[in-house]
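Fold and contact review
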Amino acid sequence: MSTVIRIFHITYSVLKILKNDFFAMKFIHLKRNASLLLIGFCSHAVAQDARPFTIPVESNNNAMVLQVDEKGQLSTIYFGKKLTHAAEYKLVPAAYKQTDDYSGVSNAAYSTAGTKNLFEPAIAVTHTDGNNSLDLRYVSHKVTPQGDDVSETTILLKDPVYAFEVTLHYKVYKASDVIEQWSVIRHQEKGNVTLQKFASANLYLKASRYWLKQYHGDWAKEMQPEEAPLTHGIKTLDTKLGTRANLFQPSVFMVSLDQRATEDEGSVLYGAMEWSGNFRIDLELDNLDNLRIIAGINNYASPYSLKTNTAFETPPFLYTFSTQGKGDASRKLQSWARNYKLLDGKGERLTLLNNWEATYFNFDESRLKGLLKDTKDLGVDLFLLDDGWFGNKYPRNADNAALGDWQENRKKLPNGIAALDSSAQQNGVKFGIWIEPEMVSPKSELYEKHPDWVLKQPGREEHYFRHQLVLDLSNPQVQDFVFHVVDSLFIKAPKLSYIKWDCNAVIYNAWSSFQKQQQSQFYVEYVRGLYKVLARIRAKYPLVPMMLCSGGGGRVDYNALQYFTEYWPSDNTDPLERIYIQWENSYFYPAIASANHVTDWGKQPIKFRVDVAMMGKLGFDIVVKDLKEAERKFCQEAIGNYNTWKDVIWHGNQYRLANPEEGSIAAIMYLDEKKSKGVVFNYLVKSRYDEGSKLPIRLKGLDAAKQYRLKEINLYPGTASPVPSEQVYSGEFLMRVGFNPQVNTTRTSVVLEINEAI
Ligand code: GLA
């Protein structure tokens, strides 16, 4: 064997001397493959774990198979539906006859910079001696089961030259086919190593084509989808806003393989960063036509100086994969979220009346006491006091003052929130409150007392977003302050049952006086500081519901949702707009987490507004006293219906039946696990002449052999339903032929309950 290799070597050197790099390159591949072949030949009798060997990371339906080659290089050789015979994974690479992989590391499981990799790296570092190269080789791996459904595979990689290592973590949730992947970076060099880039994950997919579905937006225009084939080069999804990070672009996305996946067909990968700050996801289609996805914290302005023997743990990148379309993938993700991530995902939620759009800043104790009565009268669980209750030197009567001064305004609330809390109890309702504790108004006592707590560039003009600035949560003193803002609310109002945590500004002029010479660590340390505060709050108040609000949907992600029970998808509560926003969010987040309020936005009647808000966690933000008698009666009855059906909406499986982007009807269904109870929401989204549900809408997920009845609920007082509630249909009929809710321009929203006929 060695003679053959020597001949290859001499030929390669001759080609190099002749300066024919291209042929030399081709030749080196030939040589590599030939050597592999020869090694394969000669090593048939070696132990089972002799290199190359595979490390399959498997869930119930899928597998990502990693391979360690004879040099210890860790690569991805398979990603997709699980094969029955695991022994066949090692045959996968030979089935692909794509262009040469010159570097031999294009499919690296965690691409490095400065050595062989020719593409975007997952990690790039500068060692203590100024060297920028990194090469990571396999050292060991282990698989640790964490109960029946979860197991974690960790793989340790080390640089052969520098004392630098990375442990890749793959936490697999088998039933939901979800993987959380992150890395832990360490070194034992003498001095600090600078992490120039430090991704959480590096996937490598093979398909004939790739379709990316991504989202963009702005205030009141969140979650606008765009779907297009990926072309060669890098497509980056990222944010540099610091806080309110998703305002223009969230990290959630989907990639369909081979062809554009539909709701019920096709292979599709869902991805999302679990990080509430700057993220960056690069999707790179390489010269081999394979897709590299590198996801992590955004390294923009963030080289991180890592001390010796200190771990840098990246946040998880979350993904799931389905070969049965977008609907299946989303149900898996939703069920994973309820079971493992979202705070109290399997629990209950509170319906509420919020005063924001009913009063804005214009209220006092007696007006609020009236609203407490309205809360009871309407039949919801809780009254939520919004912005405007605090600030004395600079009262919060508009959005340009007092953030940071979290003491009750003595004029508006002479008896404090304690009085409201006990009045709420007397009225038989609960009490909740709005805060925006990460922020500070330039017109505030906090700003005057602690200018060093405020993020701003020394010597430069201040820039405001909604007239406010952001506090430096990388500073432990500020973390303490924010914790005490929340803690003191519970001390003053011990029965406080809900918090709406807002975050309306992005970070301009990112400079932290606490970070001193380490400014480039600020963006990372801000988010870590935020999580420290939230963890501290949750240690003391484990389950108090908290809404993650960010002037709309500017912040939701699964790291934050460990601490929050719900999120606010958008300040845009026009129900027509909300159908689209809630629809897109539902691919990634379960209905129980979606706070939907009925407001006066939009032109639709109250029934339409309530019907749309019911597809999630129902709330109201209206002047109850202004409702006409029939409207009030309708709302009360609808809340009663909601209380009957909320369990199915919150904990059931969601099926998208009719896509509002594709026709004039939107229809969404929720079904319990037993397939015996469900609700279908149907809406007219285009109001041109004669629009309506001309064709039946096919239900999904039912048991074909069971019999069902459908009945219309949420009828407006004085109207009758044309839906025959006594008719019995088989599940097969409802899924094959469908059901017509008779949506038209006079019946623009129709809610149906489904009950198994026994
Ligand atoms: C943000 C929120 C609103 C409301 C206001 C109060 O815009 O999204 O719901 O709480 O702040 O200022």
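Okay, so let's go over this structure. Small disclaimer: the values here were computed from a predicted structure and weren't measured. (Residues numbered from 1 in each chain as written. Predicted model: local features only at pLDDT ≥ 70, side-chain atom pairs only at ≥ 80, totals over all residues. Heavy atoms only, no water.)

**Focus: the site of the ligand**
Quick note on the threshold: Residue proximity to a molecule or strand is established when one non-hydrogen atom of the residue lies within 4 Å of it. Within 3.5 Å is the distance limit for a polar contact, defined as a pair of N or O atoms, with the added protein rule that one can donate a hydrogen and the other accept it, and that residues adjacent in sequence qualify only through two side-chain atoms. Here the Shrake-Rupley method, with its probe set to 1.4 Å, supplies the accessible areas, and only the displayed protein chains count as covering residues. When residues are sorted by character, Ala, Val, Leu, Ile, Met, Phe, Trp, Tyr, Cys and Pro go into the nonpolar class, Asp, Glu, Lys and Arg into the charged class, and all the rest, Gly among them, into the polar class.
Near the ligand you find 13 residues, and of these Asp 386, Asp 387, Lys 500, Asp 502 and Asp 571 are the closest. One nitrogen or oxygen atom from the side chain of Trp 434 is found 3.1 Å from an oxygen atom belonging to the ligand. Between the ligand and the protein, one listed contact pairs an oxygen atom with a side-chain N or O atom of Arg 466 at 2.9 Å. Protein chains bury 96% of the 310 Å² of accessible surface belonging to the ligand in isolation. Split into classes, the residues belonging to the shell around the ligand amount to four nonpolar, three polar and six charged.

**Quick word on the sheet that holds strand E29 (residues 617-620)**
To be explicit about the condition: Strand pairing follows a simple DSSP-based rule, namely that at least 2 bridges must link the two strands. Note on conventions: DSSP H or I runs of at least 4 residues are helices, E runs of at least 2 residues are strands, and numbering of each starts at the N terminus. It only takes one pair of heavy atoms within 4.5 Å for two residues to be counted as in contact. Between N-to-C directions, angles cover 0 to 180 degrees, with each direction set by a line fitted to C-alpha atoms, over the stretch in contact for helices.
The strand order E27-E26-E25-E22-E21-E20-E29-E28 describes an open sheet built from eight strands, whose pairing is parallel. Strand pairing shows two members of the sheet lacking a second neighbour, strand E27 (566-567) and strand E28 (595-598), which therefore form its edges. When strand E20 (residues 352-354) meets E29, the two strands line up parallel, connected through two bridges. When the sheet's bridge partners are listed, Leu 353 is paired in E29 with Phe 620. Packed on one face of the sheet, helix H6 (residues 416-426) meets strand E21 (382-385) and strand E22 (430-435) and runs near 145° to E22.

**Observations concerning the pattern of salt bridges**
Selection rule: Each reported salt bridge corresponds to a side-chain nitrogen of Lys or Arg within 4 Å of a carboxyl oxygen of Asp or Glu. Classification of residues uses two cut-offs on accessible area relative to the type maximum, computed with a 1.4 Å probe and protein chains only: under 20% is buried, over 50% is exposed, and between them is partly exposed.
Counted under the stated rule, the structure contains 44 salt bridges. Of the charged contacts, one joins Asp 177 and Lys 332 as a salt bridge, the two residues approaching to 2.9 Å between their closest N and O atoms. Of this pair, Asp 177 sits in the loop between strand E7 (164-173) and strand E8 (178-187) while Lys 332 sits in helix H3 (residues 325-341), and the two are 155 residues apart along the sequence. A relative accessible area of 12% places Lys 332 in the buried class. Residue Lys 625 pairs with Asp 374 through a salt bridge whose shortest N-O separation is 3.0 Å. Here Asp 374 lies in helix H5 (residues 365-378) and Lys 625 lies in the loop between E29 and helix H12 (629-651), a separation of 251 residues in the sequence.

**Details of the packing of helix H11 (residues 606-613) against H12**
The packing of two helices is summarised by the inter-axis angle and the distance between the axes. Cut-off, in case you're wondering: An angle counts as roughly parallel when it lies under 35 degrees, as roughly antiparallel when it exceeds 145, as roughly perpendicular when it falls between 65 and 115, and as oblique in every other case. If you view the pair so one helix is near and one far, a crossing is left-handed when the near helix is turned anticlockwise from the far one by less than a right angle, and right-handed when it is turned clockwise.
One way to put it is that H11 packs onto H12 with a least axis distance of 10 Å and a crossing angle of 20°. Judged by the angle between their axes, H11 and H12 are roughly parallel. Helix-helix and strand crossings are classified by hand; for H11 and H12 the assignment is right-handed. Residues Ile 606, Lys 607, Val 610 and Asp 611 of H11 lie in contact with H12, whose contacting residues are Glu 631, Phe 634, Cys 635 and Ala 638.

**A look at the environment of Glu 70**
Turning to its location among the elements, Glu 70 is positioned in the loop between strand E2 (62-68) and strand E3 (74-81). In this structure, the C-alpha to C-alpha distance between Glu 70 and Ser 183, residues 113 residues apart in sequence, is 23 Å.

**Some words on the pairing of strand E16 (residues 290-297)**
Extensive coverage of E16 is indicated by the burial of eight of its eight residues. Looking at chain direction, strand E9 (residues 193-206) and E16 are connected through seven bridges and run antiparallel. Note that in E16 the partner of Leu 203 across the bridge is Ile 293. The pairing of strand E15 (residues 279-285) with E16 spans seven bridges and is classified as antiparallel. By the bridge assignment, Ile 281 is partnered in E16 with Ala 295. Linking two consecutive strands that pair antiparallel, namely E15 and E16, is a turn of four residues; a positive phi of about 70° is found at Asp 289 within it.

**Overview of unusual backbone geometry**
Here the residue pair Arg 51 and Pro 52 is connected by a cis peptide bond, since its omega of 0° sits within 30 degrees of zero. Positive phi, normally seen in glycine, also occurs at Arg 244, with a value near 45°. In this structure, Arg 244 sits in the loop between strand E12 (233-238) and strand E13 (253-257). With a phi close to 45°, Tyr 360 is a non-glycine residue in the positive phi region. Examined against the element boundaries, Tyr 360 turns out to sit in the loop between helix H4 (356-359) and H5.

**What about H12?**
The condition is simple: To estimate how far a helix should extend, the number of its residues minus one is multiplied by 1.5 Å. To get the bend at a given residue, fit one axis to the seven residues ending there, fit another to the seven starting there, and take the angle between those axes.
With 23 residues, H12 extends 33 Å between its outermost C-alpha atoms, agreeing within 8% with the 33 Å of an ideal straight helix rising 1.5 Å per residue. Its maximal kink placed at Trp 645, H12 deviates by approximately 55°.

**What to know about the nonpolar core**
Cut-off, in case you're wondering: To qualify as a nonpolar core, a set must consist of buried Ala, Val, Leu, Ile, Met, Phe, Trp, Tyr and Cys residues joined through side-chain atoms within 4.5 Å.
Of all hydrophobic cores here, the largest spans 187 residues; its most connected members are Phe 164, Ile 293, Trp 389, Trp 501 and Phe 620. The greatest single-element share of this core, amounting to ten residues, is contributed by helix H9 (residues 522-540). Not counting chain neighbours up to four residues away, the residues in contact with Phe 620 comprise Leu 352, Leu 353, Asn 354, Leu 378, Val 380, His 597, Val 598, Val 610, Cys 635 and Ile 639. Counting 22 residues, the second-largest nonpolar core is a separate cluster that includes Leu 702, Val 723, Tyr 729 and Leu 734.

**A closer look at the packing of aromatic side chains**
Stated precisely, the cut-off is as follows: Here is the rule: rings of Phe, Tyr and Trp (six-membered ring for Trp) pair when centre to centre is within 6.5 Å. Planes less than 30 degrees apart are stacked, more than 60 are edge-to-face, and the remainder are tilted. By definition here, charges over rings are those cases where NZ of Lys or CZ of Arg is within 6 Å of the ring centre and within 35 degrees of the ring normal.
Enumeration over the complete set of coordinates arrives at 38 aromatic pairs. For the ring pair Phe 522 and Tyr 523, a centre distance of 5.5 Å and an interplane angle of 50° mean the geometry is tilted. Accessibility expressed as a relative area gives 1% for Phe 522, which makes it buried. By way of ring pairs, the aromatic residues Tyr 173, Trp 336, Tyr 340, Tyr 558, Tyr 567 and Tyr 589 are connected into one cluster. Against the face of Tyr 300 rests Lys 240, its NZ or CZ located 5.6 Å from the ring centre.

**Thoughts on the pairing of strand E4 (residues 123-126)**
Burial of the side chains of E4 extends over both faces: Ile 123 and Val 125 are buried on one face and Ala 124 and Thr 126 on the other. In this sheet, E9 lies alongside E4 in antiparallel orientation, the contact comprising four bridges. Paired with Ala 124 across the two strands is Lys 197, which belongs to E9.

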